[in-house]
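Next come the chains, spelled out residue by residue.
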Amino acid sequence: MSTGVKSYAAVDLGASSGRVMVGRVGPDSLELSEAHRFPNRPVRLPEGLRWDVLGLYAGLLDGLRAAGQVDSVGIDSWAVDYGLLDADGALLGNPVHYRDSRTEGVAQKVWATVPAAELYGATGLQYAPFNTLYQLAAARGSTQLSYAERLLLVPDLLTYWLTGEQGTELTNASTTQLIDPRTRDWSYDVASRLGIDLGLFAPLRQPGDPAGMLRGEVLEETGLSGPVPVTAVGSHDTASAVAAVPADGERFAYICTGTWSLAGLELNAPVLTEESRAANFTNELGLDGTVRYLRNIMGLWLLQECVRAWGEPDLGALLLDAAKVPALRSVVDAGDAAFLAPGRMPERIAEACRTSGQPVPVSPAEITRCILDSLALAHRRAIADAQRLADHPVDVVHVVGGGTRNALLCRLTADACGLPVVAGPTEAAALGNVLVQARTHGLVGDLADGRRLLTRTQPLTRYEPQGDAARWSEAEARLARG
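Cut-offs used in this document
- Residues numbered from 1 in each chain as written.
- Predicted model: local features only at pLDDT ≥ 70, side-chain atom pairs only at ≥ 80, totals over all residues.
- Heavy atoms only, no water.
- Helix = DSSP H or I, 4+ residues; strand = E, 2+ residues; numbered from the N terminus.
- Rg over C-alpha atoms; globule rule 2.2 N^0.38 Å.
- Buried < 20%, exposed > 50% of the residue type's maximum accessible area, 1.4 Å probe, protein only.
- Contact = heavy atoms within 4.5 Å.
- Areas by Shrake-Rupley, 256 points an atom, 1.4 Å probe, with all protein chains shown as cover.
- Lys, Arg positive; Asp, Glu negative; His and termini not counted.
- Charge placed at Lys NZ, Arg CZ, Asp CG, Glu CD.
- Pairing = 2+ DSSP bridges.
- Disulfide = S-S within 2.5 Å.
- Salt bridge = Lys/Arg side-chain N within 4 Å of Asp/Glu carboxyl O.
- Axes fitted to C-alpha atoms, helices over the stretch in contact; angles between N-to-C directions.
- Core = buried A, V, L, I, M, F, W, Y, C linked by side-chain atoms within 4.5 Å.

*Asks:* Help me understand the overall build of the protein, please; the structure alone is not making it clear to me.
*Replies:* In terms of regular secondary structure, the protein is built from 19 helices and 21 strands. Relative to a compact globule of 482 residues, whose C-alpha radius of gyration would be 23 Å, the protein shows 22 Å and is just as compact. With the C-alpha coordinates aligned to their principal axes, the bounding extent of the protein is approximately 60 × 55 × 45 Å. Buried positions account for 59% of the 482 residues belonging to the protein. In the protein, of all internal contacts separated by at least 6 residues, the share reaching a separation of at least 24 is 73%. On the protein, roughly 18,300 Å² of surface is accessible, and the fraction owed to carbon and sulfur atoms is 51%. Taken as two groups, the 42 positive and 56 negative side-chain charges of the protein have centres that lie 5 Å from each other.

What follows is the structure, given as structure tokens:
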């Protein structure tokens, strides 16, 4: 194993912002610092909601310039969205945003050819209207798709612009609903029956595979000295975040918190039962042959949209006020697709409470408490269901990601789950990204070795469950009745 300290640029792109983080890794050290942060602002065009991918690429280059000389670069981002390239490798329009409405009603058309139960048995993916498979079905017959010669998921597209080389990283590919989680290869039967040309996709890459070298033009623009390799990491940000869960052993659950909450287990094999499908659990691929068995929950998107509607009040003061509001007064289903689209979130939450016959939250503090109670309740349901469906009991819940800064949410999650919660690290996706790069240089061993390094070097906070568990059961029953 190498004994030197090396520096790695982790490009971590979220739904609302991007950042370039620099990880400095030695045999028993791991330090992370932010080189550059930039906004990720979707744009609503006449044809729909689109990502400003050129702005993201510009922010990425600015970040590499700010990072200084590094030994490798890795990119992770949100899942499912993609760019289409023509025969010359030029981008055919801005990538469609997963919150765009074009996939409304598409799933039912897909299921007419491949029934939902068969689709789940073949791919293990939960139903989400924005899965890449449904996006491709919605795009069938479009001019852009007819001219496309290549489809690259967002982190693979940015990697292509940096290196000139094309690939499809596996953990992100597993979110397309076109991968068989048992073989960890394409589901050729599903693609064939739905008329999807898998030739559009570049060859699959594994986390840790080389993804090319920074092009000369990129070196010149960023001021870096070559050669600088780009390494395929767990390019789905949740795959990188789960890799950075500082767990000891296998009896743990995780919740990756941010715009979304991804709550579940790390398994050695997928769970493809009909009961699992009915519970809307997904089997996405992780590092070292693992499966991320999880449920998507709307997450802090609910609060982010409310804060935006309220004119960006001080979040710390808002959370202090929310902590004083009576617990579990009103709750909503934090996984309801009704909350997927942006806009009017406070009114929509209030209307959901009114419709279900609960007290209607009015003030920002009341609405915030409703959101956090609802998220904790959703975390409770997901962790309990995952243990039952996978026959995999856990002793602790690890919360990683931006939500670790929200102490009230972490405390409520511990209370709701009846299990200790270990919160941290906050920058889990960037740290998981860095760990994969460090493995390629022999600074970190296997997944367990990387997690031990995180436990030694990153600040963690433990929350013990308190309060009356029966109140959470009652709120769960009330929500089910509503």
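*Asks:* Just checking my understanding: could you explain the pairing of strand β16 (residues 261-267) for this structure?
*Replies:* On a regular strand, one side chain projects to one face of the sheet and the next to the other, so that they alternate. Burial analysis of β16 places seven of its seven residues in the buried class, the great majority of the element. Two successive antiparallel strands, strand β15 (residues 252-257) and β16, enclose a turn made up of three residues. As defined by bridge partners, β16 adjoins strand β18 (residues 291-297) across seven bridges and the pair is classed as antiparallel. Among the inter-strand pairings, A263 is bridged to a residue of β18, identified as R295.

*Asks:* Explanation requested: the state of the cysteines in the structure shown.
*Replies:* Counting across every chain of the model gives zero disulfides. Considering cysteine sulfurs only, C353 is the nearest to C370, which forms no disulfide, with 3.9 Å between them. Judged by its relative accessible area of 3%, C370 is buried.

*Asks:* Help me understand the pattern of salt bridges, please; the structure alone is not making it clear to me.
*Replies:* It is possible for side chains bearing opposite charge to pair when their charged atoms get close. If you walk through the whole model with that rule in mind, you get 29 salt bridges. Of the charged contacts, one joins E305 and R308 as a salt bridge, the two residues approaching to 2.8 Å between their closest N and O atoms. Highlighted residues: E305 and R308, both in helix α12 (residues 301-309), separated by three residues, approximately one helical turn. Several salt bridges share partner residues, and in doing so they unite D12, R19, E34, R37, R405 and E427 into one network.

*Asks:* Sorry if this is basic, but what is going on with the sheet that holds β18 here?
*Replies:* In spatial order, the strands read β17-β18-β16-β15-β19-β20-β21; together these seven strands make up an open sheet with mixed pairing. If you trace the sheet from one side to the other, it starts and ends with β17 (282-285) and β21 (461-463), each paired once. Each neighbouring strand pair of the sheet contributes to a mean axis angle of 30°, computed without reference to strand direction.

*Asks:* It is not clear to me how the nonpolar core should be interpreted in this structure. Could you clarify?
*Replies:* Membership of the largest hydrophobic core comes to 129 residues, with the highest contact counts inside it found for V25, L158, L162, Y293 and I349. Looking at this core, the element that brings in the most residues is helix α15 (residues 364-390), giving 13 residues. In this view, L158 contacts L13, V53, Y57, L60 and I75; residues no more than four positions away in its chain are not counted. The next biggest cluster of nonpolar side chains, apart from the first, holds 32 residues, and it includes A122, L153, F201 and V291.

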